[in-house]
Amino acid sequence: MLKISPINAFSDNYIWLIQTNEGNTLVDPGDSKPIISTIDKLSITIDDILITHHHYDHIGGLESLKPLIKGSVIGPKNNSIDLLDKHVGEGDTIKSIGLEFSIFEVPGHTLDHIAFYSETEKEVLFCGDTIFSGGCGRVFEGTFEQMNHSLEKLMSLPSKTEIYCAHEYTLSNLKFALLAEPNNLNLKEYQLDSTDKRKNNIPTIPTTLGQELQINPFLRVAEISLREAISDKLDTSNQASNAEVFGFLRSWKDSL
Ligand code: ZN
Ligand code: FE
């Protein structure tokens, strides 16, 4: 059994509750209040907590939750995050509630950012603020080069991988994606679909890697069709590198 449910927090955060026959694990508990009401309602206890990066909207609930958990708090190699029991990095594997997770270091949004990937039951990725549906995290601490490399790393996972990111940013991301690639039919279809879901208050997350490769401009920087679509804004004739195209798109979106 593997069940993954969102707990809404703040205005657009998803805290993920992972449940198996062996227990319950949380990812990025930014706020303890909605979690405590969820675990009370379900009469469950929390085993472990996984942390992707140091931003407050991902760790803010740790202080109140730590005394309540049976297992450990596992996060990146960043000593500025208090209350971590285990620091993990690239190539490490951890076990939680019967699932094995591989750790990827994905610097860019922050330098400490990591992602948790499991294929024990099915392919699932918890990537915090790295890939969003239709977009990616802002590059606050790393370089465009680093962030692009981090995205490429995650793009090499199986295309059926379910992506559990930490924010519901899909509709606003798709607006930008359509500016970049107005003739992408998959993207138009996905926008209709996602708009429908949000109207009915249904999360657009999880998405899949296969879906994102079709519609997410930040994962499409090597695609001829995307490069052609932006060729009036960026000179791609001199064979701009993938990182350059990524940097152009990210700066363009940030400027809007
Ligand atoms: Zn963040
Ligand atoms: Fe965030």
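Rules used throughout
Residues numbered from 1 in each chain as written. Chains lettered and ligands numbered in written order. Predicted model: local features only at pLDDT ≥ 70, side-chain atom pairs only at ≥ 80, totals over all residues. Heavy atoms only, no water. Pairing = 2+ DSSP bridges. Helix = DSSP H or I, 4+ residues; strand = E, 2+ residues; numbered from the N terminus. Contact = heavy atoms within 4.5 Å. Axes fitted to C-alpha atoms, helices over the stretch in contact; angles between N-to-C directions. Polar contact = N/O pair within 3.5 Å; in protein donor to acceptor, adjacent residues only side chain to side chain. Donors = N, O, S within 2.8 Å, 3.2 Å for Na, K, Ca; no water. Tetrahedral: all angles 85-135°; square planar, octahedral: opposite > 155°, others 65-115°. Buried < 20%, exposed > 50% of the residue type's maximum accessible area, 1.4 Å probe, protein only.

## Regarding the sheet that holds strand 8 (residues 99-105)
For step 1, the next point in the chain: As summarised here, the arrangement of the 6 strands in space is 7-8-9-10-13-14, forming an open sheet in which the pairing is mixed. Only two strands of the sheet have a single partner each, and these edge strands are strand 7 (93-96) and strand 14 (207-208).
For step 2, the next point in the chain: Relative to the sheet, helix 4 (residues 144-155) contacts strand 8, strand 9 (114-118) and strand 10 (124-128), its axis offset from that of strand 8 by approximately 150 degrees.

## Here we look at the side chain of Thr-25
For step 1, the next point in the chain: The topology assignment puts Thr-25 in strand 3 (residues 23-27).
For step 2, the next point in the chain: Polar contacts involving the side chain of Thr-25 include one to the side chain of Ser-96, which spans 2.7 Å.
For step 3, the next point in the chain: Those residues within four positions of Thr-25 in sequence are excluded, and the remaining contacts are Trp-16, Leu-17, Ile-18, Asp-47, Asp-48, Leu-50, Ser-96 and Ile-97.

## Focus: the pairing of strand 8
For step 1, the next point in the chain: As judged from the 4 bridges shared by strand 7 and strand 8, these two strands associate in the antiparallel manner. By the bridge assignment for strand 8, Lys-95 is matched with Glu-100.
For step 2, the next point in the chain: Sheet analysis places strand 8 next to strand 9, joined by 4 bridges and oriented antiparallel. Counted as the bridge partner of Glu-105 is Ile-114 from strand 9.

## Observations concerning the coordination of the zinc ion (ligand 1)
For step 1, the next point in the chain: Coordination of the zinc ion (ligand 1) by the protein is provided by His-53 (NE2), His-55 (ND1), His-109 (NE2) and Asp-129 (OD), with metal-donor distances spanning 2.2 to 2.3 Å.
For step 2, the next point in the chain: Of note is the zinc ion (ligand 1), whose 4 donor atoms meet at the metal with angles of 87 to 170 degrees in an arrangement that counts as irregular.
For step 3, the next point in the chain: Within one chain, the residues serving as donors to the zinc ion (ligand 1) are arranged as H-x1-H-x53-H-x19-D.
For step 4, the next point in the chain: In this structure, the zinc ion (ligand 1) lies 3.2 Å from the iron ion (ligand 2), and both are coordinated by Asp-129. Here the residue His-53 occupies a position in the loop between strand 4 (48-50) and helix 2 (56-59), and His-109 occupies one in the loop between strand 8 and strand 9, the gap between them amounting to 56 residues. When sorted by exposure, His-53 lands in the same class as His-109, which is buried.

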